[in-house]
Amino acid sequence: MSALKFRLPPNDGPVLSVVDMHTGGEPLRIVLSGAPVPSGSTLLEKRRWVRENMDWVRRVLMLEPRGHQDMYGALLVPSEEAEAQLGVLFMHNAGYSTMCGHAVIALGRFALDYGLVDPQGPETQVNMHCPCGLVQAYVSYSGGRSGRVRFHSVPAFTLCTDVTVDVPSYGTVVVDIAYGGAFYAFVSAERFGLDVCSSKTRDLVDAAAAVSDAVKAQVKIRHPDSEDLAFLYGTIITDGKDVYSDEPTANICVFADSQVDRSPTGSGVTARIALQYHKGFIQLEQTRTFKSGATGSFFTGKAIKETVCGDHRAVIVEVSGQAHYTGAASFTLESDDPLKDGFLLK
């Protein structure tokens, strides 16, 4: 039988073309075409405009039947930053995040491979304007192929330590809160009698989601630069091994609407290093390996220099990882499809 020729069927709705990648198992769906250009003079204004006026793009691409509970996406947009080579908005099952390290790693490769940035030598710098600020990615390039990516974070800092929150079904829980482009609460799995690498994912998700809900209700989150950044993104449950070691330390991140990061979480690694540095557990230029409790994939990270963010002592963190391509697709919407706008089963 002859090979079938691919073509899109007749359609009366928009067509969204995407490239799919993953970093350490965590998906990234990059919008190539079909989405409107957002309005706004700044990236944060564009983020608000997208949320209020074109959330259908997120729903169509992230939710079922085209996506799933844990899909993640990137929408490339114009940036007002002179240094930026691309601007990006991040999407997930519940809305729009301010930073995403696994996406930055994937977009570093994408920027070179799709001609957004010309390769320069063995490592090419790609400046990305994320909602949290300007992030510098460094993409290895050899033999005509992009490879591993490292990036330098926005200033990362510890907001507070040893904060007590009352968590329904779990009692009193003590957490730390740190920022790595997004705010996370940190707590050891031992507090719940769990293990980040061997316990059931459902049990870890339930505990982390309960902590997030409690922190959001009981702790005021503030960011020195913008109220748009001042919210808890999720909870990271760790193996408790925060003191510097050559051995990997594991964690699992639960963010947005109980979404589970399959990677070690780039912004989470950034925040976790900032927290470890704040507590004196790690020094500048000490590289740690972080393991995903979900997939066993690895990132490395280190604090490279001190800085400030408002009144907070902060550090710039370098995170390194590897992304891979998984495919490309064109998604259609038919006007008579009652489920065209997407849905989620939990």
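Attention in this report is confined to the structure presented alongside it. Each chain carries its own residue numbering, running from 1 in the direction its sequence is written. A pLDDT threshold of at least 70 governs which residues receive local features in this predicted model, and a stricter bar of 80 or more applies before side-chain atom pairs are shown or counted, although totals over entire chains, interfaces and linings include all residues. Neither water nor hydrogens contribute to the side-chain values; these are computed over all heavy atoms in the structure.

1. A few points about the overall build of the protein chain
Here is step 1 of the chain: Going along the chain from the N terminus, every DSSP run of H or I of four or more residues is numbered as a helix, and every run of E of two or more is numbered as a strand. Secondary structure summary: the protein chain contains 5 helices and 18 strands in total.
Here is step 2 of the chain: Taken over C-alpha atoms, the radius of gyration is set against a globule rule of 2.2 Å times the number of residues to the power 0.38. Its C-alpha radius of gyration of 20 Å places the protein chain within 12% of the 20 Å reference for a compact globule of 346 residues.
Here is step 3 of the chain: When its C-alpha atoms are laid out on the principal axes, the protein chain stretches across 60 × 50 × 45 Å.
Here is step 4 of the chain: We call two residues in contact when some of their heavy atoms are within 4.5 Å. Across the protein chain, the fraction of contacts at a sequence separation of at least 24, relative to all contacts at a separation of at least 6, is 63%.

2. Let's talk about helix 2 (residues 55-62)
Here is step 1 of the chain: For every residue, the accessible area obtained with a 1.4 Å probe (protein chains only) is divided by the maximum for its type, and the residue is called buried under 20%, exposed over 50%, and partly exposed between those limits. Listed as buried for helix 2 are Val57, Arg58, Val60, Leu61 and Met62.
Here is step 2 of the chain: Packing partners of the buried residues in helix 2 comprise strand 1 (15-23), strand 2 (26-33), strand 3 (73-77), strand 4 (86-91), strand 5 (96-97) and strand 18 (323-332).

3. Describing the pairing of strand 13 (residues 249-255)
Here is step 1 of the chain: Of all the 7 residues making up strand 13, 7 are buried; the element is thus mostly covered by neighbouring parts of the structure.
Here is step 2 of the chain: Of the two faces of strand 13, the one holding Thr249, Asn251, Cys253 and Phe255 and the one holding Ala250, Ile252 and Val254 are both buried throughout.
Here is step 3 of the chain: Sheet topology note: the strand 12 (residues 232-238)/strand 13 ladder contains 5 bridges and is antiparallel. Bridge pairing in strand 13 places Ile237 opposite Ile252.
Here is step 4 of the chain: Note that strand 13 and strand 14 (residues 259-260) share 2 bridges and pair antiparallel. Of the residues in strand 14, the one forming a bridge with Phe255 is Gln259.
Here is step 5 of the chain: Note on pairing: DSSP must find at least two bridges between two strands before they are called paired. In this antiparallel pair of consecutive strands, strand 13 and strand 14, the connection spans 3 residues, and Ala256 shows a positive phi of 50 degrees.

4. Some points on the side chain of Asp261
Here is step 1 of the chain: Considering the arrangement of structural elements, one finds Asp261 in the loop between strand 14 and helix 5 (266-278).
Here is step 2 of the chain: Asp and Glu count as negative and Lys and Arg as positive, but His and the ends of the chain are not part of the count. Criterion for a salt bridge: a side-chain nitrogen of Lys or Arg within 4 Å of a carboxyl oxygen of Asp or Glu. No salt bridge is formed by the buried Asp261; the nearest opposite charge belongs to Arg262, separated by 7.3 Å.
Here is step 3 of the chain: Within 3.5 Å is the distance limit for a polar contact, defined as a pair of N or O atoms, with the added protein rule that one can donate a hydrogen and the other accept it, and that residues adjacent in sequence qualify only through two side-chain atoms. Among the polar contacts made by the side chain of Asp261, one reaches the main-chain amide nitrogen of Ser263 at a distance of 2.8 Å.
Here is step 4 of the chain: Only 3.0 Å separates the side chain of Asp261 from the side chain of Thr265, close enough to count as a polar contact.
Here is step 5 of the chain: Filtering out sequence-adjacent residues up to four positions away, Asp261 remains in contact with Glu26, Cys253, Phe255, Ser292 and Ala294.

5. Description of the environment of Val315
Here is step 1 of the chain: Along the chain, Val315 turns up in strand 17 (residues 312-321).
Here is step 2 of the chain: By relative accessible area, which is 2% here, Val315 ends up buried.
Here is step 3 of the chain: As for Val315 and Ala156, which are separated by 159 residues in sequence, their C-alpha atoms are 5.3 Å apart.
Here is step 4 of the chain: In this structure Val315 touches Ser153, Val154, Pro155, Ala156, Ala274, Tyr277, Ala303, Lys305, Glu306 and Thr307, once residues within four positions along its chain are discounted.

6. Focus: the side chain of Gln136
Here is step 1 of the chain: With respect to the helices, strands and loops of the structure, Gln136 is situated in strand 7 (residues 133-142).
Here is step 2 of the chain: Taking the relative accessible area as the measure of exposure, Gln136 reaches 18% and is therefore buried.
Here is step 3 of the chain: When residues no more than four places from it in sequence are discounted, the contact partners of Gln136 are Gln125, Val126, Asn127, Arg150, Phe151 and His152.

7. Overview of a nonpolar patch on the surface
Here is step 1 of the chain: To count toward a patch, a residue needs a relative accessible area above 30% and no salt bridge. Like charges then connect within 9 Å, nonpolar side chains (Val, Leu, Ile, Met, Phe, Trp, Tyr) within 5 Å. Per-residue and other accessible areas were derived by the Shrake-Rupley procedure at a 1.4 Å probe size, with only the shown protein chains allowed to occlude residues. A contiguous nonpolar patch, built from Leu32, Tyr114, Leu116 and Tyr325 and spanning about 350 Å² of accessible area, is present on the exposed surface.
Here is step 2 of the chain: Looking at the element boundaries, Tyr325 is found in strand 18.
Here is step 3 of the chain: By relative accessible area, Tyr325 is classed as partly exposed at 30%.

8. Things to note about the packing of aromatic side chains
Here is step 1 of the chain: Aromatic pairs are defined between Phe, Tyr and Trp rings, using the six-membered ring for Trp, whenever the two ring centres lie within 6.5 Å; interplanar angles under 30 degrees are classed as stacked, those over 60 as edge-to-face, and all others as tilted. Taken as a whole, this structure holds 11 aromatic pairs when the rule is applied.
Here is step 2 of the chain: With centroids separated by 4.7 Å and ring planes inclined at 50 degrees, the aromatic side chains of Tyr179 and Phe183 adopt a geometry described as tilted. Pair check on accessibility: Tyr179 and Phe183 agree, each one buried.
Here is step 3 of the chain: Of the aromatic side chains, those joined through ring pairs into one cluster are Tyr72, Phe90, Tyr184, Phe186, Tyr233 and Phe255.
Here is step 4 of the chain: The rule is short: NZ of Lys or CZ of Arg within 6 Å of the ring centre and within 35 degrees of the ring normal puts a charge over the ring. The aromatic ring of Tyr138 is capped on one face by Arg150, whose charged end is 4.4 Å from the ring centroid.

9. Here we look at the pairing of strand 2
Here is step 1 of the chain: The buried fraction of strand 2 is high, at 6 of 8 residues.
Here is step 2 of the chain: Of the pairings in the sheet, the one linking strand 1 to strand 2 comprises 7 bridges and is antiparallel in character. Opposite Ser17, over in strand 2, you have Ser33 as the bridge partner.
Here is step 3 of the chain: Count of turn residues in the strand 1/strand 2 antiparallel hairpin: 2 residues, of which Gly24 carries a positive phi of about 60 degrees.
Here is step 4 of the chain: Sheet topology places strand 2 next to strand 3; 3 bridges connect them, and they run parallel. Residue pairing in the sheet places Ile30 in a bridge with Ala74 of strand 3.

10. Some thoughts on helix 3 (residues 101-113)
Here is step 1 of the chain: Compared with the 18 Å implied by 1.5 Å per residue over 13 residues, the 19 Å span of helix 3 between its first and last C-alpha is a close match.
Here is step 2 of the chain: Most of helix 3 sits out of view: 12 of its 13 residues are buried.
Here is step 3 of the chain: When we look at burial in helix 3, the residues that qualify are Gly101, His102, Ala103, Val104, Ile105, Ala106, Leu107, Gly108, Arg109, Phe110, Ala111 and Leu112.
Here is step 4 of the chain: Positive backbone phi, at 75 degrees, marks Gly115, one or two positions downstream of helix 3. Here, expected helix span is obtained from the residue count minus one, scaled by 1.5 Å.

11. Describing the state of the cysteines
Chemically, a disulfide is nothing more than a covalent bond linking the sulfur atoms of two cysteines.
Here is step 1 of the chain: We call a pair of cysteine sulfur atoms a disulfide whenever their separation is within 2.5 Å. According to the stated counting rule, one finds 0 disulfides in the structure shown.
Here is step 2 of the chain: Sulfur of Cys132: no disulfide; nearest cysteine sulfur belongs to Cys130 and is 5.1 Å away.
Here is step 3 of the chain: Under the relative-accessibility criterion, Cys132 is labelled buried at 11%.
Here is step 4 of the chain: This cysteine, Cys160, is not joined by any disulfide, and Cys309 carries the nearest cysteine sulfur, 14 Å off.

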